[in-house]
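# Observations on chain architecture
So the chains spell out like this:
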Amino acid sequence: YYRYWQHQRDRPGHFGIRGKRYKLAFFYGNGFKNEDQSDYEGSYWDFFDLQNDPKELRNAYSDPKYADIIDELKEELIRQRLLLGDTDEENPEILEIIKTHWND
């Protein structure tokens with residue numbers, strides 16, 4: 001599990017999980033509307049098969065062959081956030097973004 005707190009247009013705030021073969025990240029920062037991003041609407045999810053795409057050049061989140069793996073990684077992502085106490089319960093804006101875009 002990892003979290004990138006800093007929020008910039010080219011690297012929005014996000015959290016993710018990475019194993020030997022797969023990497024999944026949720027970019028909650030794409031839901032922030034501020035001066036820098038008022039006209040920006042990016043993807044909320046990145047998924048990479050690091051064995052087949054080690055340079056992370058192709059976001060395979062929408063590829064149906066990975067649907068079950070992505071579901072498992074999402075469950076593990078939730079478990080890790082709870083285990084580490086990284087739940088954003090004090091941050092309603094992020095919670096609303098997660099609620100709205102978790103199943104995108």
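The structure we're discussing is the one just above.
Right, let's walk through the structure included here. All residue numbers refer to positions counted from 1 along the written sequence of the respective chain. For this predicted model, a pLDDT threshold of at least 70 governs which residues receive local features, and a threshold of 80 or more governs which side-chain atom pairs are given and counted, while totals over whole chains, interfaces and linings are taken from all residues. Here the side-chain values reflect all heavy atoms present in the structure, with hydrogen atoms and water set aside.

## Quick notes on the sheet that holds strand β2 (residues 14-18)
Using the following cut-off: In this description, strands pair whenever DSSP reports at least two bridges between them. Numbering of helices and strands starts at the N terminus; helices are DSSP runs of H or I of at least 4 residues and strands are runs of E of at least 2. Lines fitted to C-alpha atoms define the axes here, with helix axes fitted over just the stretch in contact, and angles between the N-to-C directions of these axes take values from 0 to 180 degrees. Contacts are residue-level and defined by heavy atoms, with any inter-residue pair within 4.5 Å sufficient.
Pairing within the open sheet is antiparallel, and its four strands lie in the order β1-β2-β3-β4. Taken across any chain shown, the strands that pair with only one partner, and hence form the sheet edges, are β1 (2-4) and β4 (45-49). On average, each strand axis in the sheet is tilted by 15° relative to the strand beside it, whichever way the strands run. Across five bridges, strand β3 (residues 22-26) lies against β4 in antiparallel orientation. Residue Y22 lies in a different strand from β4, and its bridge partner there is D49. Strand contacts of helix α1 (residues 67-84): β1, β2, β3 and β4, with the helix running at about 115° to β2, the strand carrying the most contacts. Most of the contacts of helix α2 (residues 92-101) go to β3, to which it runs at about 120°, and overall it touches β1, β2, β3 and β4.

## Some points on the side chain of D49
Convention followed: Any N or O atom pair separated by 3.5 Å or less is treated as a polar contact, with the protein-specific requirement of one donor-capable and one acceptor-capable atom, and with residues adjacent in sequence counted only for side-chain atom pairs.
Following the sequence through the fold, D49 ends up in strand β4. A polar atom in the side chain of D49 sits 3.1 Å from the backbone nitrogen of Q51.

## Examining the pairing of β3
Note the cut-off: When a residue's accessible area, from a 1.4 Å probe over protein chains only, is under 20% of the maximum for its type it is buried; when over 50% it is exposed; and in between it is partly exposed.
Buried residues dominate β3, accounting for five of its five residues. Because side chains alternate across β3, one face comprises the buried residues Y22, L24 and F26, and the other comprises K23 and A25, equally buried. Judged from the four bridges that link them, β2 and β3 form a sheet pairing that is antiparallel. Directly across from I17, in β3, lies its bridge partner L24.

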